Every structure is written in structure tokens, then in C-alpha cells.
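# Coordinates in review
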Amino acid sequence: MAGGKSTNSAARLVLGLLSGTMLAGMPVTVLAQDAGQVPAPVAAPAPQKDIIQTVTVVGAERLEQQTILSYIRLRVGQPYSQEDADQALKDLAATELFSNFSVRNDGGNVVVDVTENPVINRIILEGNKRLKSDKINPEIKLAPRQIFTRSKVRADVARIIELYKRQGRFAATVEPKMVQLSQNRVDIVFEITEGPKSKVRQINIIGNEAFSDGELRGEMVTKQARLTSFLSSNTSYDPDRLAFDQQKLRQFYLTGGYADFRVVSAVAELTPDKRDFIITYVVEEGERYKFGNVSVESQLRDFDSDRMTSNLRMKSGDWYNAKSVEDTVEQMTELAGAFGYAFADVEPQFTRNKEDLTMDIKYVLREAPRVYVERIDVNGNTLTQDKVLRREFRLAEGDAFNTLQVKRTTNRIKSLGYFQENFEVSQKPGSQPDRIILEANVEEQPTGELQLSAGFSSIENFILSGSIRQRNFRGRGQTVGASVNYSRYSRSANLSFSEPYVFDRNISLGVDVYRRDLNSFNFNNTNRNTTYKQATTGASLRVGVPLTEYMSFIGSYTFNYDDVSLDENTYFADIDGDGIRTCEPLIAGRYLCDAIGKRTSSILGMNLVYDATDSRYRPTRGRSASVSAEYAGLGGSVNYVRVRGKAAQYWNVFNGFIFSVTGEGGYIKGLKSRGAGLDKVQLTDRFFLGEPQFRGFDIRGVGPRVLRQPIVADPDSPDPANPLPKIVTDRNSIGDDAIGGNAYYLGRAELEIPLGTGAKELGLRPSIFMDVGALFGVKAPQLTQSPFPGGISVQARNADGQLLYLLPGTTTSTTNANDGMGTNYAPVLQQIASPFQEVFLGNTSAPRVTVGIGVNWNSPFGPFRIDFAHALKTVEGDDTKRFSFNVGTQF
């Protein structure tokens, strides 16, 4: 019968569609025929065809009957044939809406029996640890509330496996499973077995004679998996990296003079366990060439061929170097661009002389029309306003094109710190041959900074600080910030605002308001003692104007109110018995007693700044310098002149290494006498040097200082009843007061070391450094001393302020301490201080030298800096420190 044929054909088609594509966990149920039924032999078609009387759909749940009928071509009134029935089955299969379907004919009544595919309830990922779900889900095309189809599942499996291959995990497998739910719904579960990362086990090179395998592997980005390469991701296999390594090999050989070098083949074989790759390169080195005749042929009227030829770096007889040729082409192109020839064509023409193995090169600088800037487009800035970028352009629409100005524009926009590090101003042809369009395609980066820093000091213990700053406030290029610093002995708060373009004019304006509280301290018998307290409240206003493209002038005015005090309970005494407590030099030290008081500072400053670096925030090449001068005396109670200078140079050397040299120095001169024997510069106005400026030393750890060394009875004295004096020199048991200097210098040399791609992806930037500096130039302070009579010092003062000592066994006092040496004596009413001596150290320009290593890390919780330094050269009195770190974050 015709219906039987159609039913059997439907069964075969369904099985044929599903048998080769059956997925694990997905059973196939064929409803077109009973189990075990053997198809009857197909009879020849009846000569008379049935006319379709009705077409009925059974089994539909969500789909309308008319919708299903629209997929097939069976219509009432047309003849029914087996070919039409088979076509209907193919049409239903093409919709991928049904898990089972059949067509049968019962005397002209055609029945289409369907079982709909289930609806997806949810997509579940299991087993993915190395690749998070938020990376996989965008690649999955199936989604909840969609109709389930096997083809989409297969496609999603392939996409997930491809994601893992990109991560270097070629052994990853994905097994999809379907969990049946009520109401014809299913959960789709992708069970992922990630497997290990496929490493490059071995790199074989065949055909190399001039260079060893190790030298050539060193030039490749891909590295062999070794125990020492655990931080690098370059040990995983990447087809794109394989192609890049071929270019690296070619570049290496061409740089060495092998002009005929070629890579014959590069094959990557996966080991049977799918864990590793073995890469084999077959190379052909060829002969090594030297430069022959090298010349320049210029067709531009502004360039002389002979003069340019004489200025070429490569000379006849030098080993051929393709990199030198590329650099020369680039330099000539930039030079032509500086004269307005935007599309000047510099073509190196090569003549290979195989007889004497030389390479003749002629650089042809062809005539090119001047090109003008038609339009400047800014794209990609969602927060930053257009004017913030456009005001950094050194070219305006209608100007003659200049490559040097384009490069300067690129550096200025990069220096803003708002956009990606690899930003470049791109160029494309304009509407006319002599027109060009400049495009700034930017990717905005976080410009907010939330920084939490922590440090540890042997003196201050933990030091905490926090700051918040937005360098692109409201997208206008303004900077606003607030910071708070706290430690056991110092506190500060600061609010700042700066506008780089006031009223859209090239004038900068900045305001700072701050409060700083400093508790200086020293040690006494391993106990920290606060010495003086300095509270500074002030504000600063600054205005800057550019003088040239690279130089600017900044004027400033600062007003400070300082209150320097000492703890009266500790350092004050009533010597005369009149009830008035005053600062006692025997306790505090004369230099501290001279420093206390309230004063105001009115400071007028000016600063000349030169900056020709490629970035203000992380320069890699260029130089910068600044000179500043301050005059305090425009009102206020202090009077001095202070000058400072700083210069830095950066080089990009050795293919990614960044070497920098920085030098700075300062000098302050007091203009107002403070009394006989006193330095004209207040203690709080002097320079101080140490952490963080000078790595390897503690806070204020370098320069002039007064050490108060206790004098105790020597336990090893021959006569315990009459002990000899002993001076304590243990650094943790003596008083240590840094008193600053009037002059300083500081130099730094640092080499930033590039790491592999894996470490670079982690944001690691290690460096080695050397710091050299000194702080000096202060007048020696008046020192106080408490002598050692008889092992114990008990002292008082007379009306003239002289020290009094009691003679042994009497009530008679004397001003000569030696009268009581070696004998017992009676105490007096007031004991002022235990025995000590003060020593003034560190006031020398002799250089202190430290070396060390440091690491910058853009960690997941913010930028992290750690330094480990060792002092090679110190001066007696200096306080060294080996380890420091800080951490912050960005938003």
C-alpha cells in the first residue's frame, strides 16, 4: 500500500538523519513503525493515484497545525504519490523542529504524525575551571526557551573545543547531555574535561650551520616547556605564534647578512597523548652578504642626493643588515614628512652580486605632492570630550601634513594617560590626492585611582595611606583628588584640583588645601619617644603657561601656618622653682628647644619644566628637566630662598629593556638670623632624605642627625663599688633625631627588564637599580651633655643656669662634675636627666650608594611595587632599610 511505503520511508529517513549524529545521552525514539516489524516488499506503484481528501497533523503541542502544513507541499485535491511523501519528510527534517515524524496515507486521508523537539530550560556548564563560564557562554548559540536541535548542540560543542584550543588545551573534550523534564522541556549539560595545557615539548631546527639551535630558539617567541619557564605562556602551542616565529627567524638571519635565507617548512606535530607539541623547522641559510655600493637618488627638490648619501650609516664593506635598511627607509620617510611630503615613496632597490657576495642598494626618493590635512576624526571616546583630544593635536585642519607633528600628537595624547598604551594617530587618504584624514581611534582606560598603600618600618611599624584621584573628571581632563596618610607618628590630608585648560585657553590652574601632622621621634632604651610635633595647615595656588612645545612655566603661591611643639610633661622642667616650666635642653636637646614655636610662611615660587618624553606616566624614551625657585618672605615670619633641579633621560635599549638615569638636587639659604650659634634655616624647612626617595634607607634615614647615647655603669669595671662609665652605642637603645640638611643631591640609574608574554600578561615589570645621594650643609647644632659623676648623675641648675653637682658626703654644690668622680654623694631635690652624651653625625656630602631589585606588578587588586635594596656605602649615623612595598587599585 502507498501508506505503508510512506511509513517505511519515513523510518529510514529518521534513522539516517540521526544514526551518524547521535550525541551521548540523547536517545532516539522512532515512532514511525513498531519495534520488530519487518518492512514488506515494496510493490509497484498503482497505476491509479489517490487524490488527497484531507491532510491532518497529529502530535503537535506548541506549533499550530497550519504552521506545520506550511512546511510541506501536500495539499488537498492533488494526487498523492510516494515521491511527494518523501519530499514532505525531507521538508520536516529541514525544520529541525521535530525529533520524530512520519506521513501515512489512508485512502486519500493523509496523516502527518510529529513529535516536537523539546524546549530548552537552561544551559549548564560543568567541569570548566581554567576557562570561566563568562568566557564560554557568549560562544554558545543555544539559549533557554529555544527549540532544541542536535545540529546546534554539535556546533556549540565545536565552538567550546575551539576556545580551549586557543588556550592551548588541545586535549579538551566536551560531552553534551540532555536531561528530560516535564512539559517536554530539557536541560542541556555540557560536561567539559579540560585536560592539561598542551606545551611545546621540543623545537627542532634542521639545516642551520651559522647559528646554533639555542641561538635560534632564543629569537623565537615560542619557548620549550622547562621547569624555569613556569611563568611564561609562550610554552603553549599557538599556530599564529608559529607563523610569527618564522618571521622572527627570517629577520634574525637578514640582520646578520644572510639575504637568501628562507624557512623551507615548519611542522607542528601533536604527541599521541595530546599533551605536547613537537615543532620542526627546516631552514636554508644561503650565503652571507656585505654591503656593496650604497647611494641615494632623490627626486625631491628639497633633498640633495650626494649629501644624503654621505650621511647614510651603512658603508660599503659592512655586513648586510636588513634592519638597517628598514630604519633608513623609515628615517627618510619621516624626514620627507617633516617637509610636508606625506606620501613620499622611499624605495630601496637591491642588486645582489653573487660573485663577490655583495648587495648594492640605491634608495630612490620619488617626487610626491604636498599633502594637507582635510579632516581630523576622533573615535571611541565615550567619556572623554572631543576637545580634550583635539587640543593635543599639533596639526589643524588645512595645515600641511607633517609626520613629526603627528608623532608629537601621538605622544601628547598618550601622555594624558586616558587611553591605551599602543595608541597611534592613523592616516587615510582624503577626498583628493593631496588631502589626508587623521584619525584618533582611542580605547578609554580607567582614569580613576583608588590607592591603598602599606609599608613597614623598623621605626614606625605599619604605615597606611589611602588616596582617591580622578585624572579625567567628567571627561574634561580635569584632575581632582583627596588623600589621607596615617602612621603612628604622622598624619596628613590633602584635597587638590587642577584644570589644564582654563576657559579652553592653554593655561593651567591648580589648587591644593592640606593639613599635615608630623610627630618626630627617637629611641630611648628601645622605647620610642615622640620628640617634636609639627602641625602644618596651608593652601597652594599654581598657574602654568606653555613657553614652547616642550617647555612650560608654572608660578605658585603657598601660605603655611606651622605649629611646632614638644610634650611639656616630658621635655619641660621648672628649673628655677618659679612655677614656670620651660623647654629643658638636657632632656630635649638644644636644637629641639630652638625649633618650637608658631610661625607663618608666605612663599612665592616659580618652576620651569621641560618634557620631551613619550609619556608622562610611564616614559620609555626621551628626556625631561625642571628647575624651581621659592622665596619665603613675602610676609610671614620665615625668610629663605630655596632652589631645586631635576633631570631624567630614558632609553629603549636591547629590544624591550628601558634604561633611565635621573638626577636631582636642592639648596636652601636662610635670609634671617635666628640667634648666635643657630642655623638660619628652621628645622622644619630643611630637606630630608630617605624612603621613599632613596631606596635602601629608612624614612629620614640619610643626613645630619644627633644621636643621644646613654652613659651607664660598666658592669665589667674592676671595682664594682666605683664603676667606670660606658657609652651605649646600640642603635636600638639611643636617641636618634634627624635634623635635616640645607643641600642634597640624589641620582638614580634603573634598568627595567622585559619578561615573556606570560609575565607580561600578569603585569610584571622587574627592574634593577642603583641610587646615589647625600644630604648635608646644616650648621652644627649646640649639643648638651650630662656627665657621669660616680656612676649616677643627679643635677640641678643655679640662678645663672649652670649645672650643679653635690660634693660627696656634703650638701655643698659645685659646677665641676669632676669633683665627685669616683665617690658617693647625696642626692638633690631634682634629677634632670640620666647621664648621656650627644654626637652630631652625617653632615657630609660623601655619597651614599645602594643597589637593589624591584618589581612593579599590575595585580588583580591594583598596582603593586616591591623593592629590596642593599646599602653599599653609608656614613656613620645613617639608618638603612632593605625592604618596602605598596599596593593600590584603579577604577
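Reference entry: report on the structure contained in this document. Each residue is numbered by its place in its chain's sequence as written, counting from 1. Only residues with pLDDT of at least 70 are given local features in this predicted model, and only at 80 or more are side-chain atom pairs given and counted; all residues enter the totals for whole chains, interfaces and linings. The side-chain values count all of the structure's non-hydrogen atoms but skip hydrogen atoms and water molecules.

## Considering the nonpolar core
For this analysis, a nonpolar core means a set of buried residues of the types Ala, Val, Leu, Ile, Met, Phe, Trp, Tyr and Cys, connected via side-chain atoms within 4.5 Å. Think of it in three bands: residues with accessible area under 20% of the maximum for their type are buried, residues over 50% are exposed, and the middle band is partly exposed, with areas taken using a 1.4 Å probe on protein chains only. Grouped together as the largest cluster of nonpolar side chains are 24 residues, with contacts concentrated most on Y320 and Y363. Strands are runs of DSSP state E lasting at least two residues, helices are runs of H or I lasting at least four, and both sets are numbered from the N terminus onward. Broken down by secondary-structure element, the contributors of at least two residues to this core are strand 10 (290–298), helix 9 (322–338) and strand 12 (358–365). Top contributing element to this core by residue count: helix 9, with five residues. Throughout, a residue-residue contact means that at least one pair of heavy atoms, one from each residue, lies within 4.5 Å. If we ignore the near neighbours within four places in the chain, the residues touching Y363 are V294, S295, V296, E297, L312, M314, V325, T328, V329, M332, E347 and P348.

## Topic: the packing of aromatic side chains
In this analysis, rings of Phe, Tyr and Trp, with Trp reduced to its six-membered ring, are considered paired at centre separations within 6.5 Å, and the interplanar angle assigns stacked below 30 degrees, edge-to-face beyond 60, and tilted for intermediate values. Counted under the stated rule, the structure contains 14 aromatic pairs. Pairing Y550 with Y610 gives two aromatic rings, centres 6.3 Å apart and planes at 50 degrees, and the pair type is tilted. Of the two residues, Y550 is situated in the loop between strand 21 (527–546) and strand 22 (551–566) and Y610 in strand 25 (residues 597–611); the sequence distance between them amounts to 60 residues. Note on F694 and F697: the rings are 4.8 Å apart at their centroids and 65 degrees apart in plane angle, and the pair reads as edge-to-face. Residue class for F694 comes out buried when judged on its relative accessible area of 0%. In this structure, R288 is placed above the aromatic ring of W319, and the distance from its NZ or CZ to the ring centre is 3.8 Å. Any Lys NZ or Arg CZ that is within 6 Å of a ring centre and within 35 degrees of that ring's normal is treated as a charge sitting over the ring. Above the ring of Y514, the side-chain terminus of R516 is found at 4.1 Å from the ring centroid.

## Brief notes about the pairing of strand 12
The element strand 12 is largely enclosed, with a buried count of seven among its eight residues. As defined by bridge partners, strand 10 adjoins strand 12 across seven bridges and the pair is classed as parallel. When the sheet's bridge partners are listed, F291 is paired in strand 12 with M359. Two strands are counted as paired when DSSP detects at least two bridges linking them. Taken together, the eight bridges between strand 11 (residues 346–353) and strand 12 define a ladder with antiparallel strand orientation. The partner of Q349 across the bridge, within strand 12, is K362. Connecting strand 11 to the antiparallel partner strand 12 that follows it, the hairpin turn spans four residues, and L357 within it adopts a positive phi of roughly 55 degrees.

## Examining the packing of helix 9 against helix 11 (residues 403–416)
Structural elements are reduced to axes, namely lines fitted to C-alpha atoms, with helices fitted over the stretch in contact, and the angle between N-to-C directions of any two is expressed from 0 to 180 degrees. Helix 11 packs onto helix 9 with a crossing angle of 100 degrees between their chain directions and a minimal axis gap of 6 Å. When the axes of helix 9 and helix 11 are compared, the pair comes out roughly perpendicular. Contacts between helix 9 and helix 11 pair T333, E334, G337 and A338 from the former with T403, L404 and K407 from the latter. An angle counts as roughly parallel when it lies under 35 degrees, as roughly antiparallel when it exceeds 145, as roughly perpendicular when it falls between 65 and 115, and as oblique in every other case.

## A few points about unusual backbone geometry
The peptide bond linking E691 to P692 adopts the cis configuration, its omega dihedral lying at 5 degrees. Mapped onto the fold, P692 is located in the loop between strand 28 (657–670) and strand 29 (705–713). Phi is positive for N184, close to 55 degrees, though the residue is something other than glycine. With respect to the secondary-structure elements, N184 resides in the loop between strand 5 (173–181) and strand 6 (185–193). The class of N184 is partly exposed, set by a relative accessible area of 22%. A positive phi is found at F503, a non-glycine position, where the angle reads about 50 degrees. With respect to the secondary-structure elements, F503 resides in the loop between strand 19 (490–499) and strand 20 (508–524).

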